[in-house]
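Geometric and topological summary
Here is how the chains run, residue by residue.
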Amino acid sequence: MVAVNLNALVALGENTNCVIELVPRVGDFVGTDEALFRLYGPSLPDDRALKRWSLVRTAIRRS
């Protein structure tokens, strides 16, 4: 993960009345099917909303 849109994370959390915990830190390797977020609250955003908000930016690293 190379960047996080903190303003979008806060706005999404406020709009859906939930807490969004970012699991990895910027610079961490994130493998396929690893969690990016933990969501807490009574009304959670669905997968489409999480994708639509462009919350993180990733890069493909080749060795």
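What comes next concerns the included structure. (Residues numbered from 1 in each chain as written. Predicted model: local features only at pLDDT ≥ 70, side-chain atom pairs only at ≥ 80, totals over all residues. Heavy atoms only, no water.)

What to know about the overall build of the chain
Scanning the chain for helices and strands turns up two helices and four strands. Helices and strands in the chain line up, N terminus first, as β-α-β-β-α-β. Counting across all 63 residues of the chain, residues that qualify as buried make up 24%. Long-range contacts, defined as pairs at least 24 residues apart, comprise 52% of the intrachain contacts of the chain with a sequence gap of at least 6. (Helix = DSSP H or I, 4+ residues; strand = E, 2+ residues; numbered from the N terminus. Buried < 20%, exposed > 50% of the residue type's maximum accessible area, 1.4 Å probe, protein only. Contact = heavy atoms within 4.5 Å.)

Topic: the environment of Arg-25
Its place among the elements puts Arg-25 in the loop between β2 (19–22) and β3 (37–40). Through-space distance from the C-alpha of Arg-25 to that of Ala-3 is 9.0 Å; in sequence the pair is 22 residues apart.

What to know about the side chain of Thr-16
Mapping Thr-16 onto the fold places it in helix α1 (residues 6–16). In contact with Thr-16, other than residues within four places in its own chain, are Ser-43 and Pro-45.

Side note on the nonpolar core
Core analysis: the biggest nonpolar cluster contains eight residues, these being Ala-8, Leu-9, Leu-12, Cys-18, Ile-20, Phe-37, Leu-50 and Leu-55. Per element, the largest residue contribution to this core is three residues, and it comes from α1. Ignoring sequence-local partners within four residues, the contact set of Leu-9 consists of Val-4, Ile-20, Phe-37 and Leu-55. (Core = buried A, V, L, I, M, F, W, Y, C linked by side-chain atoms within 4.5 Å.)

So, the environment of Thr-32
As for its position among the elements, Thr-32 is in the loop between β2 and β3. Along the primary structure Thr-32 and Lys-51 are separated by 19 residues, whereas in three dimensions their C-alpha atoms are 16 Å apart.

Remember that the coordinates give geometry; whether it matters functionally is a separate question.
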